[in-house]
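Below, each chain spelled out in residue letters.
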Amino acid sequence: MTTRRPRMPLRALLLLVFGVMALLPAATLSPGAFATETLADSDRSDPPRFEWPLPGRPDVVRPFSAPLSPFGPGHRGIDLVAKPGTPVYAASDGVVIFAGRLNNRGVVSIDHQLLRTTYEPVEPVVTKGEQVYAGQQIGTLRRGHPGCVPACLHWGVRRGTAPTEYLNPLPLLTAHTTLRLKPWPE
């Protein structure tokens, strides 16, 4: 008589896979993993590298949690704690595709060719169609993100338009590590 091993539920398996992927440093991801199928982007295989959208290195108070389905639950970005009025910066060069109110919150969305970033709740200081550069102020942080005291910036990154794929912004950040070589012991 054979016994059957219990199978791991699909949801648990997917959560495990997404959890491991979120912990991998960006350097372990293959450059082709960010390529799209469009001809316009075929000459570019590396994603834009991002800078922190807030001054310094803010604390992540709520991490990324990929949804298991296009309309399923999840946290499609990260929440970075800061004080209201803190300047919010473009994480990379791009073109502003939205700057205004959405669902009673200020939102800025920037197209970086392969990827799109969103920042909320902010008071925008840029306008739709404006070219922005990494580190340029695009707005100021406002109160209003649920569960954040005094305030949080919700920063999201996505690839594609249909279906949209949400990405964890943390592995896309530019490393600020200085490498130093030590003498080889003889």
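Please refer to the structure placed before this passage.
Residues numbered from 1 in each chain as written. Predicted model: local features only at pLDDT ≥ 70, side-chain atom pairs only at ≥ 80, totals over all residues. Heavy atoms only, no water.

**Q** What should I look at first to understand the packing of aromatic side chains in this one?
**A** Think of a pair of aromatic rings as described by two things: how far the centres are apart, and how the planes are tilted against each other in angle. What the rule picks out here adds up to one aromatic pair. Relative to Trp 155, the ring of Phe 50 lies with its centre 6.1 Å away and its plane at 80 degrees, an arrangement referred to as edge-to-face. With Phe 50 in the loop between α1 (10-23) and β1 (60-62) and Trp 155 in strand β10 (residues 151-159), this pair connects stretches of sequence that are 105 residues apart. Comparing Phe 50 with Trp 155, the two get one shared label, buried. For the cation-ring pair, Arg 76 lies above Tyr 166, with the distance from its terminal atom to the ring centre recorded as 5.4 Å. (Phe/Tyr/Trp six-rings, centres within 6.5 Å; stacked < 30°, edge-to-face > 60°. Helix = DSSP H or I, 4+ residues; strand = E, 2+ residues; numbered from the N terminus. Buried < 20%, exposed > 50% of the residue type's maximum accessible area, 1.4 Å probe, protein only. Lys NZ or Arg CZ within 6 Å of the ring centre and 35° of its normal.)

**Q** Just checking my understanding: could you explain the side chain of Glu 120 for this structure?
**A** By secondary structure assignment, the location of Glu 120 is in strand β6 (residues 115-120). For Glu 120, a relative accessible area of 18% gives the class buried. Here Arg 105 takes part through its side chain, which lies 2.6 Å from a polar atom of the side chain of Glu 120. Once residues lying within four places of it in the same chain are set aside, the contact partners of Glu 120 are Arg 105, Gly 106, Val 107, Cys 152, Leu 153 and His 154. (Polar contact = N/O pair within 3.5 Å; in protein donor to acceptor, adjacent residues only side chain to side chain. Contact = heavy atoms within 4.5 Å.)

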